[in-house]
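Per-entry structural report
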Amino acid sequence: MTDWLPSLVSGAKHLGLNYGFVLNPFERTAWLSGIGVTLELVALALAASLLAGVGMAVLLTSNRPWLQHPVRVLIELTRNTPVLVQLYCAFFVVNMLLNRVLDGAQHNPLTAFAWVIIVLSIHYGAFHAEALRAGIESVPAGMRESAASLGFSRRQLLWHVELPLAIRFALPSLINNLINLVKTTALGSAIAVGEVTYTSLMIWTQHDNVLELMLFIFLVYGLLTLLVARLGRRLEHRLRMPGYGH
Amino acid sequence: MPLSPSSPEPLVRLKDVHLSFGRNNVLKGVDLTVKRGEAVSIIGPSGSGKSTILRCINGLLAPDRGQILVGDTAVHALRSESARIALRKRIGFVFQQYNLFPHLSVLENIVIAPVRILGVDRATAEREAGELLARVRLADKAGAYPGELSGGQQQRVAIARALAMHPELVLFDEVTSALDPETVGEVLAVIRDLVHDGLTCILVTHEMRFAEEVSHEVVFTEGGEIVEHGAPAALFHAPRNARTHAFINAVSH
Amino acid sequence: MAIEQTLAAKPQPETQAQPVAVAFAPNALLLAGLLLLWGLAGTCLGDTLSVLWQWTPLLAQGLKMNILISLLAIGGGTVLGVLIGALELSGSVWVAAPARAFVALFRNAPLLVLIFFTTYVFPFEIHIGSVYLPFPDWIKATVGLALPAAAQVAEIVRGAIGSIPSAQWEASASLAFSRAQTLRWIILPQCFRRVLPPWMNLYAMITMSTTLASLVGVTDLLESAKNASNTVNRTDFTILVYLAVLTLFFFYCYPIALLTRRLEHKFAIH
Ligand SMILES: Nc1ncnc2c1ncn2[C@@H]1O[C@H](COP(=O)(O)OP(=O)(O)OP(=O)(O)O)[C@@H](O)[C@H]1O
Ligand SMILES: [Mg+2]
């Protein structure tokens, strides 16, 4: 690294902040890799949760009780229990059973990282699904009739009319859910996934510089939530229907 | 009244059609014949079953009893979704509330059904959409969104959207009732042109003058029955039935 | 024009159309039961249950901790949040800006990080003059949850007061209500209706988040379950104890969610 880094660190020292770990290449790399893992978690869970949400919303509005009911139950369960408990159930119970079925952890392709993504996508997928369902249900009946009169099948109606409208209605809720998802990736640290909270924890147990790392962490999550909110607003703008709403 | 060739073949035939919603008997034995190339207007008080008749013809509703034939298709006997879709491709429906897709531009609203449902290639569909927009006098609005148009303009787009499927028959359900008085004329002008070009239409309308002018036949419904039908001049000026007489008097004063 | 209105109108509250959800509680229970049986197949359920029974007092102790933290956090958060919401609405920028900053900070930080913050940055005891007040971890965790709760409450309050149309004030004035009477009889009841459902949602959310305290060494239900699981060290028991934790939280939070929906539905109609 260049020499501005040491001078920044010593500047911080004058303010009583101990950022010495930044100068240690090993610790610096470890911490930066934590940011990388957080970014991966956010990107994958974000995409997977949206897919899960659309899937569950489609099943919820399918008019087929044997599809609707199990999804309804899953949604109520996941929305009304702590994510951390879900994560433990997934990792300490389901994963353990899976290990047993597959004859040992070395044959199990699902890592702690994968479980965080699975649990977060189901959890936030449930929230997305509820928002999308409300959006689909608020598509006016006349719109359905006119699509049917043009010869749309049920599937075409869903993909070309109901979902596009539902996504527009639900977008503010979806963005809100995604911001919560970004923050919840911090729970990965509970099962030792090396995301930014976890690597920070490792460093502050060494150096006793909790406050210093806290500022960094707040900055990371603040930027990430800001980014999601910005992208969301841009999407809202792109998808807006001129003449309706704002 | 436009001249019609002597007795063309019937395109739509309803025989003794009954329909009830729960205990509400909405249609109580409706008989109706519409010949190919002709325009039939249905008039009658609110709740008399006019919209219900149209919805039965394109299979949005299934009658409890009776027969509905559109060309050779026995609509009352259609059971599968795909058979109903095949029917609806042949029948255009224009609604009082336009029901355009608000997330699609005017052009997209018109091409979506030909492209997605008929499998027409995009370029052809867009070219035809351009022609249709010119026909409804909205050539400059292809890129606009429904929310940016007046009611009359939206309704003309809805007509173009129905025509893009090359329907044999178009059903118009009170298409001017939601419009401001100034814009009613522009929509009626478009429909008048279509009738003159020989499109088979069924028009539910409250515009008595227009009905008299363009229709080959007018049908008066009340309480789920067809009370009287006949040539427009006869029905409007010399109704045989007292109820028809009362209705026409009430709406024209 | 009906369609334009329907489309332009805000989508209905997410949960409004779900009064039937009550019917699914038994299904959920059934599902949990089936899962449990599947997991325990091959082992003796009665034996596992009896081990669980031995651990029940400790687990109950843990659950009490979750409920205590949740009540204190929502209580403190509500008081602080109403205050901050009021500051946000005050005319002066010097007062409103710090309040906004508080809300922005505590709404955008992960709860877990806030709990780490209060746990590791705050001292373990507080000196007031010569008195040393202990500051145990569970209270620190409570503070860590109360701060974001306050930020949420501030948002809820601000939204509710802002959403009352000014015409209501004028209408009341023309009925000869005084300002105080208008506030008491017209504005606050409407605010209350708008605030109650999201506030209840917030309480359920806080309750579920109390499990995060287990990660800073507070012996709550989840921590007790983890301890029990590690101590007993039997697969069947691990399955059972975690499912028990899940079920307990579900039966605490689901009724709150149902009640919230009922209220939302009721308030949406009136
Ligand atoms: N989907 C439905 N479910 C139950 N009842 C219905 C339904 N659609 C129509 N009806 C009832 O059927 C009767 C006829 O309705 P219809 O819409 O056909 O009348 P209309 O002649 O078109 O009236 P308007 O001039 O008001 O449009 C009315 O009493 C109406 O309440
Ligand atoms: Mg009607």
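Residues numbered from 1 in each chain as written. Chains lettered and ligands numbered in written order. Predicted model: local features only at pLDDT ≥ 70, side-chain atom pairs only at ≥ 80, totals over all residues. Heavy atoms only, no water.

1. As for the site of ligand 1
Residues and elements named next belong to chain B. Keep this limit in mind: The criterion for a residue being near a molecule or strand is simple. One of its heavy atoms has to lie within 4 Å of it. Pairs of N or O atoms within 3.5 Å make up the polar contacts considered here, provided that, within protein, one atom can donate a hydrogen while the other can accept it, and that residues adjacent in sequence are counted only when both atoms are side-chain atoms. Only the protein chains shown count as cover for residues, and the accessible areas themselves come from Shrake-Rupley with a 1.4 Å probe. Each helix corresponds to a stretch of at least 4 residues labelled H or I by DSSP, and each strand to a stretch of at least 2 residues labelled E; elements are numbered beginning at the N terminus.
Around ligand 1, the structure places Phe21, Asn24, Val26, Pro45, Ser46, Gly47, Ser48, Gly49, Lys50, Ser51, Thr52 and Glu174. One of the backbone N or O atoms of Gly47 is found 2.8 Å from an oxygen atom in ligand 1. One of the side-chain nitrogen or oxygen atoms of Ser51 is found 2.6 Å away from an oxygen atom of ligand 1. When ligand 1 is considered free in solution it has 630 Å² of accessible area, and contact with the protein chains removes 58% of it. For the shell around ligand 1, the elements supplying multiple residues, two or more each, are strand S2 (24-35) and helix H1 (50-57). Element by element, the count of residues in the shell around ligand 1 is highest for H1, at three residues.

2. Points about the nonpolar core
Worth spelling out the cut-off: Think of a nonpolar core as a cluster: buried Ala, Val, Leu, Ile, Met, Phe, Trp, Tyr and Cys residues, connected wherever their side-chain atoms sit within 4.5 Å. The cut-offs for exposure are 20% and 50% of the maximum accessible area for each residue type, with area from a 1.4 Å probe on protein chains only; residues under the lower value are buried, those over the upper are exposed, and the others partly exposed. Whether two residues are in contact is decided by their heavy atoms, any of which lying within 4.5 Å being enough.
Judged by nonpolar contacts, the single largest core of 124 residues is most densely connected at A:Ile191, A:Trp204 and C:Phe102. In this structure, C:Phe102 is in contact with C:Leu80, C:Ile84, C:Leu147, C:Ala150 and C:Ala151, ignoring residues within four places of it in sequence. Judged by nonpolar contacts, the second largest core, of 40 residues, contains B:Ala39, B:Ala125, B:Leu179 and B:Cys201.

3. Structural notes on empty space enclosed by the protein
Residue and element names in this part refer to chain B. Operational definition: Cavities and pockets were defined on a 1 Å grid built over protein atoms only: a cavity is a set of grid points that admits a 1.4 Å probe from which the probe cannot escape, a pocket is an open set flanked by protein on both sides within 12 Å along at least five of seven lines, and lining residues are those with an atom within 4 Å of any such point. Grid points are joined across faces, edges and corners, and a volume is the space filled by probe spheres set on the points. The classification used treats Ala, Val, Leu, Ile, Met, Phe, Trp, Tyr, Cys and Pro as nonpolar, Asp, Glu, Lys and Arg as charged, and all other residues, Gly among them, as polar.
A complete count under the given rule lists three cavities of 30 Å³ or more for this structure. Taken as a whole, the second largest cavity encloses approximately 50 Å³ of empty space. In terms of lining residues, the second largest cavity is bounded by Glu174, Val175, Thr176, Leu188, Ile191, Leu203, Val204, Thr205 and Phe210. Broken down by secondary-structure element, the contributors of at least two residues to the lining of the second largest cavity are helix H6 (181-196) and strand S8 (200-204). Partitioning the lining of the second largest cavity into residue classes produces six nonpolar, two polar and one charged.

4. Some thoughts on unusual backbone geometry
With a phi close to 65 degrees, A:Asn63 is a non-glycine residue in the positive phi region. Inspection of the secondary structure puts A:Asn63 in the loop between helix H2 (25-60) and helix H3 (65-79). Unlike most non-glycine residues, C:Asn233 shows phi in positive territory, near 55 degrees. With respect to the helices, strands and loops of the structure, C:Asn233 is situated in the loop between helix H9 (221-232) and helix H10 (235-269). On the basis of relative accessible area, C:Asn233 is assigned to the exposed category, the value being 63%.

5. Focus: the packing of helix H3 (residues 45-89) of chain C against H9(C)
All names here are of chain C. Note the threshold: Angles here are taken between N-to-C directions and fall from 0 to 180 degrees, while the axes themselves are lines fitted to C-alpha atoms, restricted in helices to the stretch in contact. Should an angle lie under 35 degrees it is considered roughly parallel, over 145 roughly antiparallel, and from 65 to 115 roughly perpendicular; all remaining angles are considered oblique. The sense of a crossing depends on the near helix, which, turned anticlockwise from the far helix by less than a right angle, makes the crossing left-handed and, turned clockwise, makes it right-handed.
The geometry of H3 relative to H9 is characterised by a closest axis approach of 7 Å and an angle of 155 degrees between their N-to-C directions. It follows from the interaxial angle that H3 and H9 lie roughly antiparallel. In this structure, the crossing between H3 and H9 has a hand that is right-handed. Where H3 abuts H9, its residues Val51, Trp55, Leu58, Leu59, Gly62, Leu63 and Asn66 lie against Leu221, Ser224, Ala225, Ala228, Thr231 and Val232. Residue composition of the contact of H3 with H9, grouped by class: nine nonpolar, four polar and no charged.

6. A closer look at the interface of chain C and chain A
Worth spelling out the cut-off: Accessible area that two parts lose when put together, with a 1.4 Å probe and added across both, is what the buried area reports. By convention in these notes, a salt bridge is any Lys or Arg side-chain nitrogen within 4 Å of a carboxyl oxygen on Asp or Glu.
Counting residues at the interface gives 47 residues for chain C, matched by 47 residues for chain A. Summed over both sides, the interface between chain C and chain A buries roughly 4600 Å², with carbon and sulfur atoms accounting for 76% of that surface. Taken together, the links from chain C to chain A amount to one salt bridge. Here C:Arg261 ties to A:Glu76 by a salt bridge, and the two come within 2.9 Å at their closest N and O atoms. Where chain C touches chain A, the interface holds three residue pairs in polar contact (both at pLDDT 80 or more). Looking at the side of chain C that touches chain A element by element, the count peaks at 12 residues for H10(C). Grouping the constituent residues of the side of chain C that touches chain A by class yields 32 nonpolar, 10 polar and five charged.

7. Points about the sheet that holds strand S5 (residues 73-74) of chain B
Two pairing modes exist for strands in a sheet, parallel and antiparallel, and in both the strands are linked by backbone hydrogen bonds. Residues and elements named next belong to chain B. The cut-off we apply is this: Two strands make a pair as long as DSSP finds a minimum of two bridges between them.
Reading across the sheet, the four strands line up as S2-S1-S4-S5 and stay open at both edges, with antiparallel pairing between neighbours. On the outer flanks of this sheet lie S2 and S5, each paired with one strand and no other. Judged from the two bridges that link them, strand S4 (residues 65-70) and S5 form a sheet pairing that is antiparallel. Considered in S5, the bridge of Val70 is made with Thr73.

8. Notes on the packing of aromatic side chains
All names here are of chain A. The following threshold applies: Ring pairs shown here join Phe, Tyr and Trp side chains whose ring centres sit within 6.5 Å, with only the six-membered ring taken for Trp; geometry is labelled stacked below 30 degrees between planes, edge-to-face above 60, and tilted in between.
Enumeration over the complete set of coordinates arrives at 22 aromatic pairs over all chains. For the pair Trp31 and Phe216, a centre-to-centre distance of 5.0 Å together with 45 degrees between the ring planes defines the contact as tilted. Residue Trp31 is located in helix H2, and its partner Phe216 is located in helix H9 (residues 210-239); the two are separated by 185 residues in the primary sequence. On the basis of relative accessible area, Trp31 is assigned to the buried category, the value being 7%. For Phe216, a relative accessible area of 25% translates into the label partly exposed. Ring centres 5.0 Å apart and planes at 55 degrees place the aromatic pair Tyr88 and Phe92 in the tilted group. One end of the pair, Tyr88, and the other, Phe92, are both in helix H4 (residues 83-101), four residues apart, so they sit about a helical turn from each other. Judged by relative accessible area, which is 1%, Tyr88 ranks as buried. By way of ring pairs, the aromatic residues Tyr19, Phe21, Trp31 and Phe216 are connected into one cluster.

9. What about the sheet that holds strand S6 (residues 91-94) of chain B?
Residue and element names in this part refer to chain B. The strand order across the open sheet formed by six strands is S6-S7-S8-S3-S9-S10, and the pairing between neighbours is mixed. The open sheet is flanked by S6 and strand S10 (225-230), the only strands paired with a single partner. Shown here is a sheet whose adjacent strand axes are inclined to one another by a mean of 15 degrees, direction ignored. Of the strand pairs in this sheet, S6 and strand S7 (residues 169-173) are connected by four bridges, and their pairing is parallel. What sits directly across from Ile91, in S7, is Leu169.

10. Remarks on the environment of B:Ser105
All names here are of chain B. Following the sequence through the fold, Ser105 ends up in the loop between S6 and helix H3 (106-118). Of the residues examined, Ser105 reaches a relative accessible area of 12% and is grouped as buried. Between the alpha carbons of Ser105 and Leu11 there is a distance of 34 Å; along the sequence they are 94 residues apart. In contact with Ser105, other than residues within four places in its own chain, are Ala142, Gly143, Ala144 and Tyr145.

These results come straight from atomic positions and should not be treated as a statement about function.
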